[in-house]
Amino acid sequence: MKFVRLTLLCALVLTGCTATPDLEPLPGSLTYGETATSRKTQAAPGTKIQNRFLHEGRTIYETYEVQPDHTYKLIRRSTVDSLGD
């Protein structure tokens, strides 16, 4: 079952991930309900941070990029229907 999930995730990454500049945070996103200055990191600017969570029965994968002021910018989101175990 893990192999199937990994295969689906790889296929999703290779086919459907495109950066969208106007992504809005969803409940569960790292930046949901926050101002830009309330979440800062010590990671180097340009570092990519991954986040995965469930939203309305779907698994959401998000990628953030650390900005020069050390805030997060949501740069990519992909959605997969959740798989049963």
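It should be emphasised that the depicted structure is a prediction, and the values quoted were computed from it without experimental measurement.

Draft legend 1. Fine view of the sheet that holds strand β3 (residues 72-81). Ordered in space as β1-β2-β3, the three strands form an open sheet in which the pairing is antiparallel. Lying at the two open borders of the sheet, with one neighbouring strand each, are β1 (48-55) and β3. In this sheet, neighbouring strand axes are inclined to one another by 20° on average, regardless of whether the strands run parallel or antiparallel. For strand β2 (residues 58-66) and β3, the ladder comprises nine bridges, and the chain directions are antiparallel. From the neighbouring strand, Ile60 faces β3, where its bridge partner is Thr79.

Draft legend 2. Representation of the environment of Tyr64 within the structure. Residue position: Tyr64 is located in strand β2. Looking at Tyr64, the relative accessible area reads 0%, which means it is buried. Considered as a pair, Tyr64 and Ile75 are eleven residues apart in the sequence and their alpha carbons are 5.5 Å apart. Setting aside chain neighbours within four positions, we find Tyr64 in contact with Ser29, Leu30, Thr31, Thr47, Lys48, Ile49, Asn51, Tyr72, Lys73, Leu74 and Ile75. In terms of polar contacts, Tyr64 uses its side chain to reach the backbone amide nitrogen of Leu30, at 2.9 Å.

Draft legend 3. Examining the packing of aromatic side chains more closely. Counting across every chain of the model gives one aromatic pair. On the basis of an interplanar angle of 50° and a centroid distance of 5.9 Å, the ring pair of Tyr64 and Tyr72 is categorised as tilted. Tyr72 matches Tyr64 in its accessibility class, with the two residues each being buried.

Parameters and conventions
Residues numbered from 1 in each chain as written. Predicted model: local features only at pLDDT ≥ 70, side-chain atom pairs only at ≥ 80, totals over all residues. Heavy atoms only, no water. Pairing = 2+ DSSP bridges. Helix = DSSP H or I, 4+ residues; strand = E, 2+ residues; numbered from the N terminus. Axes fitted to C-alpha atoms, helices over the stretch in contact; angles between N-to-C directions. Buried < 20%, exposed > 50% of the residue type's maximum accessible area, 1.4 Å probe, protein only. Contact = heavy atoms within 4.5 Å. Polar contact = N/O pair within 3.5 Å; in protein donor to acceptor, adjacent residues only side chain to side chain. Phe/Tyr/Trp six-rings, centres within 6.5 Å; stacked < 30°, edge-to-face > 60°.

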